Structure formats: structure tokens, C-alpha cells
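Fold and contact review
Residue strings, one per chain:
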Amino acid sequence: MFRPESSGCINRTPNGNCLSRKVQSCIKIFCIGTTNGDQQPKLKSNFFSHFCCHNRTKNNYLEAEQRERKMNTLLNPEPSFSLIPSIRITKTHYLTHRRLQASRQFSSTDGNRLIGRRIRLTVKADLDSALIDQLGLKESDIINPAISSSYRSSKLPKPNQTLLEAQAKVCTGPTQTRPLREDEAFKVLDTILRSAKGDLKDEEEVSKAQIGAFFSAMTIRANAFPEATQWSEGERRAMNTFWPLLMRALPPDVIFIADPEGSIMGGGGSIGPHYSGNDPREMRLVGALREVLAGGHLGYEEVQGVLRDVLPLQVDNKAPGVSESLLSAFLIGQRMNRETDRELKAYCLAFDDELGPPPVADVKSLTHYGEPYDGNTRFFRSTLFVAAVRSCYGESCLLHGAEWMPPKGGVTEEQMLKFMGASTNLSVLQAKELLEDEEIGFAYVSLREARPSLYSLIGLREHIKKRPPVATSEKVQQFVRAQGREAIVAGFYHEGYEEPLLMLMKRRGVHSGLVVKGEEGALSMTTRLRSVNASKGLPVNYCSGFRSLNVESTFEGDGVSRQSFNLEVNASNYGFEPTNTPRADRSVSKNIELGLAALRGEKGPTYDRIVLNAGMVDHLLGCDGAEDVSVAMDRAREAIDSGKALKRLLNYIKISHKLK
């Protein structure tokens, strides 16, 4: 077991070998502004527990120590390596220079809080590939967990950037699509041709999923889009030039996607009209895709049948799967055609029974939070901290998502929990235990654990570029049920998706539902004033929803009595000073720093944002004790100022590792 503090050598690798002088000289630590009187930091094993955060098989001891130090840092942030993010090392033949700076500032108002100070820790590491073996690491094990992009799996093949940029323009809706210029179209088709022939040298290969998504978009635009977003003259000239060459290089499934009826490209091609797929699963997929490529829609059972046939994807290539070109064409095609309610319901409910019926938690109230799975890239993401607050007064919260998700690849709840040392591999049964725990009351479930079939799509979704229908439906899930009342809250950005989201919530049978147009499409409301230059459409802080009350209200088509509402929340009406939303800019550690400072009682924009979102959600969902919105806000403030919310978050981090 690696215990350098007892070995007499603090400069050791996880396998116990001493580092060479060259490696030792490459690692320099500078601690400025410390208050504990130490002349130099204690290295011990903590350097490796944070520098090598993914080398778990060798570092069971270090992992436990890392969690303990992170807990201590949250409670008492002293200068230590637990504040220093790890460093990603890429394979090079020269020395790379990385300089990382991590700052933490906390404030104090009483004897139980910290004396305000700024701690700046700087790690300078000059390493090259020749030194990695001495560290006992694999290059893939070294990441910077402080930045959201580092959580993308290295096992996922990267998409071709030339085609990805084109997909961003053409793989979207009837009014948002931007036709390619002639030079862009020539470049894209030339890239596809060279990739199909194996001639790409300096770029990533064009994946099957990218080709399927691109030609699906081109076909739907030709068949069903308005004139303004159909093919440009430049696109048509490029296609006329390249199609004879592409027909000889592309496989039959792609030719079918590009010209399913043999009528788009001219020449009366016979491959598309006669293509049927390679097995029964593909036959069903091809039949459905013909309708989609023509701009049509499918029934509930038809969509569910396709999804259940083709998922989960065989990511290990041990068994033959369906064509990724066909599946990506299907997914982006349905989004471009704007899914109907029955299609969205099929995506939402298709895998409800994948792991059996959901467990039922013995809680009086449970709110399911449906944040966009691809995270935030600019603004503070508050929901994890809001959940800790609301749990203090009996409003249990279930969060769900993924560690990393395209297209944004932003900061997610799973990244924050993992960075703070919590377990993110909890089953739905373990989440139920945390919800029922009187000292916690909230939980996070990863899509990886709850819906393996949908999780298998992550790599494909990156290569599709734009969000598929499942990006909407995954926000309306119930991985755990409750004996008491249930509610769902979800974020949205594009106008027109608020009603489909509420429809899905009603289909789930919850007592209350709420959709919020927050910044970046997240569900968090902001305290900033609406800009005079704000874009057209629904404003940020627009809310729409329903609640089931024992009062006179309207009976809807399903026989359930609900009260509907919609409003724009103006934070200044509730006593909040207008402030800009704090920025985290893809920094997991910055997002955590902001949230923890607020839970320690540090007043400011982050604190206000957490209080606003806790109190307003309580009020709009019709939660007990929140009929008066000012009382709801005060209740949220008390949960923070008393230290209860912070304690629950710390309890979660600790207890999540003890569940069996």
C-alpha cells in the first residue's frame, strides 16, 4: 500500500517507486497567503490522489484519503492540494508547460465560520511523455477535473470538424437552417469523398453517424422544407459535381438516405427505392426512416418499436448492431420535422421498464429536476445547491443527468458531485435510500445507471451535432417514485417546447409541473434585469406550469383537475437587487466555489439566485407552507443561514460511498 509519509520519501509514484530527480524538479509548489504558519505544504500522498484521480486500481488508499481531504476542505478550506485541479498531459515529444491557478475565497460572520481570506495555490508542472512511465500512469488517466470538457470519455472517437460545422447549419429546423455557400458545400462533399476512400490524412475520419445525419438533413430539406431553407444553388452545383463519385464510394445505406426514392439526385438511381436493410431490426428502421425523410411523422408504437429494436448500441463491437448512419438519420430527421406529441411520448416512455419498475420512496413530496443534460458553459448552475436547500424543509429532490453530454459538454451536477468526492455510480435503489435519509433528502442518478440504452447514445449524439428528440424527453423522467405528491421541473430554451414538456409531465401523472426558460436553457431563474436588447420570443425567467389543488379549477381531457399558470418572474418584485448571473465558464471548480460560498451564508448574487429558485419553485408548485411567496423565500434563507443546507450536501458526499 502506498504510504509515502511512512516511507521516508515523499516523491514516490503510486506503485511505490521513487521519482527521478528530473521528475522531482519538474514539480514546484507555491503557496501564498497561508494562515497556519507552515513553511511549506505537506506533500504526502495527496499530490498523487489529485494528480492521478483516475488511477483507481492502484490507489484505493489514496482514494479514501482524497475523499477525506475533500470533505475537510468543504468544512474548513485550508491551503492543501485538494484545491488543486489535476493536469492533463498529452503525448508529445517535447516538454509541455502547464500553469494552473486555483483561488478560493470564503467569508465568515460568526465563530463557526471561516475567517475571510484568499488562498492562491499554483502548481507548475513540466512533463513530457518520457516521464509518464516513472509516474506509473497511463496518459488517458491524467485529466483536469476542474474543467467540464475533461469529462468527455477518451474512448469516444472525435467527429470530423469540417462536417460538424456544416451539420450545425443544416441539421436543424425549417426556419433555422442556413444553406451552405458553394465553397462550403464543395469542401464538405470533398471531405466525405476523401474519407470514404480512406484518403484523409490530417483530419479525423468522417464517421458513419455524421454522414447519415448530414444526408438526412439534405434529403429532408429537399423534400419538405420551405423554399428559403431548401438547397442553395451552390449546394446543388456541388452535389451535381460530387454525387457520381460519391455513389461509387458510399455504402448502400448512405445512398438510400441521400436519395430514398431515386428522385433527388437525378438519373433514377435504383439503390434507394429498393434498399431494405440487413436484418429485421434495420428493416423496421428503414421503413420508419422512409417516412421521416419525406417529412412525415410516425405513430407512438412505431417509434417505440424502432428504439427498442436498436438500443442499446453495441459500443464494444462484439455483436453486430444497426447501421449508425441509419440511426443518426432517423434521430436528427425526427427533430428536424418537429416531433409530434405522440412521438415525444414514445421517446419519453420507451425504456421505463428497462431495469424493472422504479422504487417508491417513503417521502411526502418529491421533485424531479430535469436540467439539460449537456450542462452549462457560461453561467453558474444552481440546481444541486437548490436541492440541498429544499431538502431541509421536507421537499425531497431527485436530480438526474450525465457526466458529460454533447453538444455543449458543459458543467453538470455529476461533474460537481464527482469533483467534491461523492459517489456518482448510485443505483435507483440507493437513490431511494438517500431520499428517505432524514439527514440528506435529495439524490442524484446518472443516466448511465438508470437507462443504459439511452446512455449508449452519447457518442452518436456528439456526431449528430444537434440535439435529437431524446434531449427533450430525458428531462421528464421518474427514476424513483414517491408515496407522497410528485412534481417535475424542467428547463427549456427554444420557444415551442414548453407545451410538449408540460404534456409529458401530465402523461407522467405528477401533481405539479413547471417549465422554466432559464439562462442557457437551464431551469434556473436569474436575478438580473431583462436586457433591452434581449432576443425576440419568450424572455428568460418565463415560467409555465400546472398544479393539482383541492380548489375549483379546470378539468382537463384526462379527467384530472389542474390549475394552469404562466408568468415572467421579476426577481426585483420579491426584494432581490438586480445583479448579473455569476459566471463559471466551463469551470467545475468555480461553480462549486460559488455554490459552497453561498451555502456558507456569503451574501451576493449566487446566494440570491439559490434562494430565488428554491422559494419560487416551492410557491409555483403549490408546496406546503409556500402559499405566500415571501414566506417561501424566508424559509429558503433560513435553510442556508442555519447551515442546514451545507450540512446536507456534506452528508450526501459522505454517505453516498457507504451505500450497498
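Parameters and conventions
- Residues numbered from 1 in each chain as written.
- Predicted model: local features only at pLDDT ≥ 70, side-chain atom pairs only at ≥ 80, totals over all residues.
- Heavy atoms only, no water.
- Helix = DSSP H or I, 4+ residues; strand = E, 2+ residues; numbered from the N terminus.
- Buried < 20%, exposed > 50% of the residue type's maximum accessible area, 1.4 Å probe, protein only.
- Contact = heavy atoms within 4.5 Å.
- Areas by Shrake-Rupley, 256 points an atom, 1.4 Å probe, with all protein chains shown as cover.
- Axes fitted to C-alpha atoms, helices over the stretch in contact; angles between N-to-C directions.
- Parallel < 35°, antiparallel > 145°, perpendicular 65-115°, else oblique.
- Nonpolar A, V, L, I, M, F, W, Y, C, P; charged D, E, K, R; others polar.
- Core = buried A, V, L, I, M, F, W, Y, C linked by side-chain atoms within 4.5 Å.
- Domains from an automatic or database assignment.
- Salt bridge = Lys/Arg side-chain N within 4 Å of Asp/Glu carboxyl O.
- Phe/Tyr/Trp six-rings, centres within 6.5 Å; stacked < 30°, edge-to-face > 60°.
- Lys NZ or Arg CZ within 6 Å of the ring centre and 35° of its normal.
- Expected span 1.5 Å × (residues − 1).
- Polar contact = N/O pair within 3.5 Å; in protein donor to acceptor, adjacent residues only side chain to side chain.

- As named in an unreviewed UniProt entry, the chain is Glycosyl transferase family 3 domain-containing protein, taken from Citrus clementina.

**Quick look at the overall build of the chain**
- The number of helices and strands found in the chain is 27 helices and 13 strands.
- Counting every position in the chain, which comprises 660 residues, the buried fraction comes to 58%.
- Counting only contacts in the chain whose residues sit at least 6 apart along the sequence, the fraction spanning at least 24 positions is 75%.
- Counting only carbon and sulfur atoms, one obtains 48% of the accessible surface of the chain, whose full area is about 27,700 Å².

**Some points on the packing of helix H7 (residues 182-196) against helix H9 (residues 233-249)**
- Where H7 meets H9, the closest approach of the two axes is 8 Å, and the angle between their N-to-C directions is 5°. As far as their axial angle goes, H9 and H7 are roughly parallel. Side by side, H7 and H9 meet where Glu182, Ala185, Phe186, Leu189, Asp190, Ile192, Leu193 and Ala196 of the first sit next to Gly234, Glu235, Arg237, Ala238, Met239, Thr241, Phe242, Leu245, Leu246 and Ala249 of the second.
- Residue classes in the contact of H7 with H9 are distributed as twelve nonpolar, two polar and four charged.

**A short note on the nonpolar core**
- Core analysis: the largest hydrophobic core is formed by 151 residues, its most contacted members being Ile192, Phe214, Phe215, Phe330, Val389 and Tyr652.
- Two domains each put at least three residues into this core: domain 1 (161-338) and domain 2 (360-657).
- For Ile192, the residues in contact, after removing those within four places along its chain, are Leu163, Val206, Ile211, Phe214, Phe215, Leu246 and Leu250.

**Section: the pattern of salt bridges**
- For the structure shown, the criterion picks out 32 salt bridges.
- Residue Arg448 pairs with Glu414 through a salt bridge whose shortest N-O separation is 3.0 Å. Taken together, the residues span a long stretch of sequence, with Arg448 in helix H19 (residues 447-450) and Glu414 in helix H17 (residues 413-420) at a distance of 34 residues.
- Look at Arg448 and you get partly exposed, because its relative accessible area is 22%.
- Given the relative accessible area of 0%, Glu414 is considered buried.
- By sharing partners, the salt bridges in this structure join Lys169, Arg181, Asp183 and Glu184 into a single network.

**Brief notes about the packing of helix H16 (residues 383-390) against H17**
- The contact between H16 and H17 brings their axes to 9 Å, and the two run at 75°. Classed by the angle they form, the pair H16 and H17 counts as roughly perpendicular. Mapping the contact onto sequence places Thr383, Leu384 and Phe385 in H16 and Glu413, Met416, Leu417 and Met420 in H17.
- Taken together, the residues of the contact of H16 with H17 sort by class into five nonpolar, one polar and one charged.

**Observations concerning the packing of aromatic side chains**
- Evaluation of the coordinates by the stated rule reveals six aromatic pairs.
- Consider the rings of Phe380 and Phe385, whose centres lie 5.8 Å apart with planes at 20°: the pair is stacked. Taken individually, Phe380 and Phe385 each receive the classification buried, so the pair is uniform in this respect.
- Site record: aromatic cluster; members linked through ring pairs are Phe214, Phe215 and Trp243.
- Between Lys517 and the ring centre of Tyr493, over which it is positioned, the NZ or CZ distance is 5.0 Å.

**Concerning helix H12 (residues 280-293)**
- A rise of 1.5 Å per residue sets the reference length of H12, with its 14 residues, at 20 Å; its end C-alpha atoms lie 20 Å apart and thus fit the reference within 8%.
- Among all positions in H12, only Glu282, Leu285, Val286, Ala288, Leu289, Val292 and Leu293 are buried.
- Where H12 is buried, its residues meet helix H8 (208-224), helix H10 (252-258), helix H13 (300-310) and helix H14 (324-336).
- Of the residues that open H12, the one with a side-chain oxygen 3.0 Å from the backbone nitrogen of Arg281 is Asp279.
- Phi for Gly295, located one or two positions after H12, is positive at around 90°.

**Let's talk about the side chain of Asn376**
- On the secondary structure map, Asn376 appears in the loop between strand S5 (365-370) and H16.
- Within the structure, the side chain of Asn376 is placed 3.1 Å from the backbone oxygen of Phe379, a separation counted as a polar contact.
- Within the structure, the side chain of Asn376 is placed 2.8 Å from the side chain of Arg381, a separation counted as a polar contact.
- Not counting residues within four places of it along the chain, the set of residues in contact with Asn376 comprises Arg381, Lys408, Gly410, Val411, Glu520 and Ala522.

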